[in-house]
Every structure is written in C-alpha cells, then in structure tokens.
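Each chain, letter by letter, is given below.
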Amino acid sequence: MSREEVFERLNKVFRDIFDDKSIMVNEETTSNDIEDWDSLEHINLIVAIEQEFGMKFNMHEVTTMKNVGEMVDIIISRIG
Amino acid sequence: MNLTSLLFLGFVIITICIYFITPKKFQWIILLISSVIFLFYDNLHINTIIQALIVLIPSYILGRKIEGHSNTKQGKKFLILGIIIILGQLIYLKYTNLFLETANNINTLLHIEYQFEFVQRNSLIGISYYSLIMIGYLVDIYRGTCKPEKNIFKCALFMSYFPILTSGPFIRYDSVGKELYEGHKLNYNTLCRGLVRILWGVFKILVISQRLGIFVDAVYANVYTFTFVFIIGAVLAFTMQLYTNFSGSIDIIMGISEIIGIKLPENFNLPFFSRTITELWRNWHITLGAWLKDYIFYPLLKSDEMQDLAKECKEKFGKKVAKKVPMYLSMLIMWIIIGAWHGGAYTFIIGSGLLQFLFMFLEDILRTNF
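Calculation rules
- Residues numbered from 1 in each chain as written.
- Chains lettered and ligands numbered in written order.
- Predicted model: local features only at pLDDT ≥ 70, side-chain atom pairs only at ≥ 80, totals over all residues.
- Heavy atoms only, no water.
- Helix = DSSP H or I, 4+ residues; strand = E, 2+ residues; numbered from the N terminus.
- Rg over C-alpha atoms; globule rule 2.2 N^0.38 Å.
- Buried < 20%, exposed > 50% of the residue type's maximum accessible area, 1.4 Å probe, protein only.
- Contact = heavy atoms within 4.5 Å.
- Areas by Shrake-Rupley, 256 points an atom, 1.4 Å probe, with all protein chains shown as cover.
- Lys, Arg positive; Asp, Glu negative; His and termini not counted.
- Charge placed at Lys NZ, Arg CZ, Asp CG, Glu CD.
- Buried area = accessible area lost by both parts, 1.4 Å probe.
- Salt bridge = Lys/Arg side-chain N within 4 Å of Asp/Glu carboxyl O.
- 1 Å grid on protein atoms, 1.4 Å probe; cavity = no way out; pocket = protein on both sides within 12 Å on 5 of 7 lines; lining within 4 Å.
- Points joined across faces, edges and corners; volume = space filled by probe spheres on them.
- Nonpolar A, V, L, I, M, F, W, Y, C, P; charged D, E, K, R; others polar.
- Domains from an automatic or database assignment.
- Core = buried A, V, L, I, M, F, W, Y, C linked by side-chain atoms within 4.5 Å.
- Axes fitted to C-alpha atoms, helices over the stretch in contact; angles between N-to-C directions.
- Left-handed = near helix turned anticlockwise from the far one by under 90°.
- Polar contact = N/O pair within 3.5 Å; in protein donor to acceptor, adjacent residues only side chain to side chain.

Chemist: What should I look at first to understand the overall build of chain A in this one?
Modeler: Scanning chain A from terminus to terminus reveals 4 helices and 0 strands. For chain A, the N- to C-terminal ordering of α and β elements is α-α-α-α. Scaling as 2.2 N^0.38, a compact globule of 80 residues should have a C-alpha radius of gyration of about 12 Å, and chain A matches this with 11 Å. With respect to the three principal axes, the spread of C-alpha positions in chain A is 30 × 25 × 20 Å. Taking all 80 residues of chain A together, 46% fall into the buried category. Partitioning the intrachain contacts of chain A with sequence separation of at least 6 by distance along the chain shows that 52% fall at a separation of at least 24. Put simply, chain A shows about 4,300 Å² of open surface, and 45% of that area lies on carbon and sulfur atoms. In chain A, which carries 8 positive and 18 negative side-chain charges, the distance between the mean positions of the two groups comes to 6 Å.

Structure below.
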C-alpha cells in the first residue's frame, strides 16, 4: 500500500472519530492541530486505525508517536 | 527518618559531602549505601530485608528475561509473573486487614458470630512507591522503551533512591535511571537552587502545615463544640495543611536531588489554581497520574474487552455513548486503584477514589450536555 493510500484511509478514520468532514491530515499533523484530539480521543483514534488497517500499535508507540507522519511509518512497517 | 528532622538533615549533608569527594565512577555506590541505610534505618528486620528482595530480585531477573521478548507472548508471561510477585506482596502487606474487615462485615450481616482478628504487618518504608516504580520498569522493558539494568546493585539503587521513598515523585528508568549512575560534579548554581528549594519545603511543612495542623486538630477533635464557620475553616485549612505538607516534602526531595545533580520530574503545578476537578488532578501528584495513565488507564481503554464493550454500545446507543462508556469504566477502575494505593481502608477507597471519580464523572456529563 502506498503512503498516499494510507493517508487517504487515515483521513477517513480521523473524520469519523472527530466528526469533522473537513479534516485533512498530513505528515506534520499533531494533536495540537485538531481541537478534540486529547489523550482520551487519542486512544479511540488508535483503536479505530488498528481496525481500519488490521494491525496493532504497541503501548510505547501509542504514547510516544509525535505526529501523523510517524503514525504512517508504523502502519506501513506493519502492513508491508 | 522524618524529612524535616535534624537527623535527616545530618544524613543528607554527610551523603552529599561523601558523594562529591568520591570519584565520579563510584558515586552511585554512595547513593546506594545511603538509600539502604534510609530504607532500613527505622525498620531493620529479616522480614523487611526479604520484602525488599522480593521486589528487587524478580525485577532484576525478569527484566533481563523480558529483554529480547518485547511485545511477545513469552515477554508477556515474564512480565505478568513479575507483576504478580510484586503486586502480590504489596496487597498482602497493605490490604490483608481490609479483606479481613470486609469478611467480618459480611459475617455480621449474615449473623455469623465468628470474627477474624486483625494482623500486624511490618512493611518497609516506601513499599507503595518502589513496588509501582519497579512494575513500571518491567513494563517499559516489555514495551521496548528501555533496556534492563545489568548490574543488580544499580538496579537496587533505582528501586531505592532514598529521597523519593517517602513522597515520590515516581521515576522511570529511561529518564532518571541513567542519571543515578552517571556521577556529577558539585555545581554552585544547582547547589544554591537546591538549598532554596529545600528551605521552601521546610518552611511549607514547619511553618504553614504544622501551624494549620494545630487549628485543624482542635476543631476535628471537638466538632460539635464549634460553629459552622470554624468547621468550614478547618476543612479548608486541612486541605492547605495536606497540600503544604506534601508539596513541601516534594520541594525537599527535589532540592536534595538538584544538589546531587539528578533531575526529578515535577509533582505539582499549582493545583489550587485549576478551573476544574479534572485539571486539579492533572496538577496534583502529577507523576502518579502519569504512571496510572501509561500503565493502567491507556492499556485498559485499549484492551479487547473495552473495545468489545464500545462496539456493543455503538450498536445499541450510538457513537457518543460508545466513546464514553469504556472511558468511564476505565476511569472508575483507575480511581478505585488510586484510592486503594493511598491506604488499605475503605475511607481511602471512597474518599480518595470513588468520590473523585464521581466528581469527574459529573463534571464530564455536565460539560458535555449543558
């Protein structure tokens, strides 16, 4: 799966979780860029992404990933 | 050893002096010796030595076993074994009487005459802190956040670093661990900053907290003889007494560590200037909150069971409820643990746990709906 395809599917998940159709995430997007992205929503988001891509983040990754770019790196490394 | 006693002052001065005249490479040994003295000073007994070893040895051995099995089933087995041993001892030492009290209450309700006798448990100072710190150490190795310590004596220092044994803060191996062994030069600026911080701490405890304590104790001892205004005043004064005592202790601990050259994480951030209860708890005993969030709350919320619950709620009640129910349930479990951690009695589980959960639950419901 290409990076663009991952971003496309990620956007769908973000829009669904945060109930905002205008969300467009990119490599540098962080929790500061999305109003409702707090520590609780972060877990909901992670679980939704895991379901979307059929993979698992470990807890270290959950608590340390800095931006969506890092998230995409992990997804690609898992799904090949 | 009381943090504001002359004995502790002398102990700290001697430790710091020897620490800085010792070659850097061996400074950690001075900290270890001081920590062992502090740990057993009031309570040297074969039982307490065993208690410390029951945490240290499994942490050391299993930590090394987990390495190389991060995030695998095998690693998880070792991790669970470590948690069972460390937590099992903590529960046995702190909560036996709570279980016996519960059994007695059930017996009374069922009109059974038999009552269990309470037991005296002689537990080591700081056991609630270092047990959780070492569980965190094992979890971090399992998650791949840090590598295990290869020297058991260094591992013992991480577990027993004396300033944090009475009031925290909670430390993590990946951030504080290495600083303990690095060795430091005496620095004039950090010495001054550390001394000022220690003085502030002593001032908070001796001048504010203990003076307020006189008033609080007088009112609490004879509640019915005082008017409403005095009682409210005493309740507020008790809050301040508690805060100045706790944060004063933290100031002393941070000050000592600053002089040694070890940077500890802050534990308070002006909690009484918070706008909400949630914010207050985010700014009070910060490192305990962070520990619970990383090692209990997040894993709970992310667990398959919680996600199945969320799915069920989504089908029956919609997306919003599906988000909230697992969150509230995880919060409830976490606050019961917080209450129990503070002490093995129902007063702690209700007052420091369930009541706080209720406040935060109501706050969230009201904020979301009004």
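Once the structure has been displayed, the description carries forward.
Chemist: Even after reading the chapter, I still don't get the interface of chain B and chain A, so can you show me in this structure?
Modeler: By convention, interface size is frequently given as the accessible area that disappears when the constituent parts associate. Contacts between chain B and chain A engage 15 residues on the former and 19 residues on the latter. Area buried by chain B at its contact with chain A is led by Tyr298(B), Lys302(B) and Lys323(B), which between them contribute 42% of it. Remark: the boundary between chain B and chain A carries 5 salt bridges. Lys302(B) serves as the salt-bridge partner of Glu50(A), at 2.7 Å between the closest nitrogen and oxygen.

Chemist: Can you help me understand unusual backbone geometry in this one?
Modeler: Note on backbone geometry: most residues besides glycine have negative phi, and most peptide bonds are trans. With an omega of 0°, the peptide bond running from Gly168(B) to Pro169(B) counts as cis. Turning to its location among the elements, Pro169(B) is positioned in the loop between α6 (152-160) and α7 (173-182). A positive phi angle, near 50°, is found at Asp19(A), a position not held by glycine. Mapped onto the elements of the fold, Asp19(A) is located in the loop between α1 (3-18) and α2 (39-53).

Chemist: Is there a simple way to explain the layout of surface pockets in this structure?
Modeler: Unfilled space is identified by rolling a water-sized probe across the atoms. Residue and element names in this part refer to chain B. Within this model, the second largest pocket holds a volume of roughly 1,300 Å³. Taken together, 36 residues line the second largest pocket, and the ones lying closest to its centre are Ile83, Arg143, Tyr295, Pro299 and Leu300. Going through the elements one at a time, α4 (73-109), α5 (127-143), α11 (286-302), α12 (304-317) and α13 (319-342) are the ones with two or more residues in the lining of the second largest pocket. With 10 residues, α4 is the largest single contributor of residues to the lining of the second largest pocket. Looking at the lining of the second largest pocket, its residues break down into 25 nonpolar, 4 polar and 7 charged. Built from parts of two domains, the lining of the second largest pocket gets at least three residues from each of domain 1 (6-182) and domain 3 (272-369).

Chemist: Sorry, what's going on with the pattern of salt bridges here?
Modeler: Close approach of charged atoms allows side chains with opposite charge to pair. Within this structure, the stated rule accounts for 19 salt bridges over all chains. With a closest N to O distance of 2.9 Å, Arg197(B) and Glu266(B) form a salt bridge. Here Arg197(B) is found in helix α8 (residues 188-221), whereas its partner Glu266(B) is found in the loop between α9 (228-260) and α10 (277-283), with 69 residues between them in sequence. Overall, the relative accessible area of 37% leaves Glu266(B) in the partly exposed class. Residue Asp364(B) pairs with Arg367(B) through a salt bridge whose shortest N-O separation is 2.8 Å. Within this pair, Asp364(B) and its partner Arg367(B) are both found in helix α14 (residues 346-369), separated by 3 residues, close to a single helical turn. Relative accessible area serves as the criterion here: at 8%, Asp364(B) is assigned to the buried category. Its relative accessible area of 57% is what places Arg367(B) among the exposed residues. Beyond isolated ion pairs, a larger network of salt bridges with shared partners links Glu50(A), Lys56(A), Lys302(B) and Asp304(B).

Chemist: How should I be thinking about the environment of Lys56(A) in this particular structure?
Modeler: Examined against the element boundaries, Lys56(A) turns out to sit in the loop between α2 and α3 (59-64). Residues Lys56(A) and Ile75(A) lie 19 residues apart in sequence; the distance between their C-alpha atoms is 8.6 Å.

Chemist: Explanation requested: the nonpolar core in the structure shown.
Modeler: Side chains of a nonpolar character, in soluble globular proteins, are inclined to be buried together. In terms of nonpolar packing, the biggest core is built from 115 residues, with Leu10(A), Phe14(A), Ile49(A), Phe57(A), Met71(A) and Phe8(B) touching the most fellow members. Considering each element in turn, this core owes the most residues, 12 residues, to α5(B). Sequence-distant contacts of Leu10(A), defined by excluding residues within four places in its chain, comprise Val25(A), Ile49(A), Phe53(A), Val68(A), Met71(A), Val72(A) and Ile75(A).

Chemist: Before we go on, may I ask you to explain the packing of α6(B) against α7(B) in this structure?
Modeler: The angle between the axes and the distance between the axes are what describe a pair of packed helices. Residue and element names in this part refer to chain B. With their axes 10 Å apart at the nearest point, α6 and α7 run at an angle of 115° to one another. For the pair α6 and α7, the sense of crossing is right-handed. Together, Lys154, Cys155, Leu157 and Phe158 of α6 and Tyr173, Gly177, Leu180 and Tyr181 of α7 make up the contact between the two elements. Among the residues making up the contact of α6 with α7, the classes are represented as 6 nonpolar, 1 polar and 1 charged.

Chemist: Teacher, can you tell me more about the domain arrangement of chain B here?
Modeler: All names here are of chain B. For chain B, the assigned domains read domain 1 (6-182), domain 2 (188-268) and domain 3 (272-369). Each side of the interface is counted separately: domain 1 has 18 residues, and domain 3 has 15 residues. A combined buried area of about 1,500 Å² lies between domain 1 and domain 3, and 59% of that area is made up of carbon and sulfur atoms. On the domain 1 side of the contact with domain 3, Leu98, Phe170 and Arg172 bury the most area, a combined 38% of that side's loss. Where domain 1 packs against domain 3, one counts 1 salt bridge. Close ionic contact of arginine 172 with aspartate 294 constitutes a salt bridge, the shortest N to O distance being 2.8 Å. Counting across the domain 1 and domain 3 interface gives 11 residue pairs in polar contact (both at pLDDT 80 or more). Those elements giving two or more residues to the side of domain 1 that touches domain 3 turn out to be α4 and α5.

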